[in-house]
Amino acid sequence: MRMIDEGRGWPPMLLTSWRALSGFVFAALVGSALGLLAGLSMTLAKTMRPVITILLGVPPIAWIVLALIWFGMGGATAIFTVIVTTLPMTFAAAIEGMRTVDRRQLDMADSFGAGFYLKITNLYIPHLLSYLFPAWITALGMAWKVAVMAELLSTNEGIGASLALARVNLDTDEAMAWVMAVILLLLSVEYLFLEPLKRKLEPWRNDASAKR
């Protein structure tokens, strides 16, 4: 692309990647941890569920407006908006994973004298990952979209700001180039990081696919 050859492409792409990924990683870790805890505590689950429902119901553009009021123009608005829009997704997946663990398998493990470590590594983690990975991938896609949207409205740097400039200049080719850049970055992170991580943490899926 012309903007890559001219050296204009990498700085916005790297900056947007940092904002999207830093918000996503924080949301994935905190949301998953809170979901696991809520899955173990009915009281915490009942307390957190209305909050998460409200967070899921608020559109990203509303969070961007609020973040602009709270943080002003800058990268903090984009990162905050990514966190607050993706954290509920990971929380909901984690709590659903905890609440659907097969109790019969747990009882069987207890009857065979399986310790806490064995139950965690052989029952809880495999089951939870089947819920968490789809949620993480969905949240990752949302992170990119929200980061670019927030940048378009709140910063003069990043892919979102570059899209805003292309809109002002009525430069369709430039705008499409930045859209393609976002898609390529998202696919790169998903297939170069999340998919290898998924294959490593879920080896039984690879074995099952090979037998088909």
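Residues numbered from 1 in each chain as written. Predicted model: local features only at pLDDT ≥ 70, side-chain atom pairs only at ≥ 80, totals over all residues. Heavy atoms only, no water.

K.L.:
What should I look at first to understand the side chain of Glu151 in this one?
P.N.:
Mapped onto the elements, Glu151 comes out in helix α7 (residues 116-154). Looking at Glu151, the relative accessible area reads 0%, which means it is buried. In this structure Glu151 touches Leu15, Thr16, Arg19, Ala78, Glu157, Gly158, Ile159, Gly160 and Ala161, once residues within four positions along its chain are discounted. (Helix = DSSP H or I, 4+ residues; strand = E, 2+ residues; numbered from the N terminus. Buried < 20%, exposed > 50% of the residue type's maximum accessible area, 1.4 Å probe, protein only. Contact = heavy atoms within 4.5 Å.)

K.L.:
Is there a simple way to explain the pattern of salt bridges in this structure?
P.N.:
Pairing is possible between side chains of opposite charge, provided their charged atoms come close. Summed over all chains, the structure comprises 2 salt bridges. Taking the shortest distance from any N to any O, the salt bridge between Glu151 and Arg19 comes out at 2.9 Å. Of this pair, Glu151 sits in helix α7 while Arg19 sits in helix α2 (residues 10-40), and the two are 132 residues apart along the sequence. Considered together, Glu151 and Arg19 belong to a single accessibility category, that of buried residues. A salt bridge links Glu157 to Arg19, with the shortest nitrogen-to-oxygen separation between them at 3.9 Å. Separated by 138 residues along the polypeptide, Glu157 in the loop between α7 and α8 (158-168) and Arg19 in helix α2 bring together distant segments of the chain. (Salt bridge = Lys/Arg side-chain N within 4 Å of Asp/Glu carboxyl O.)

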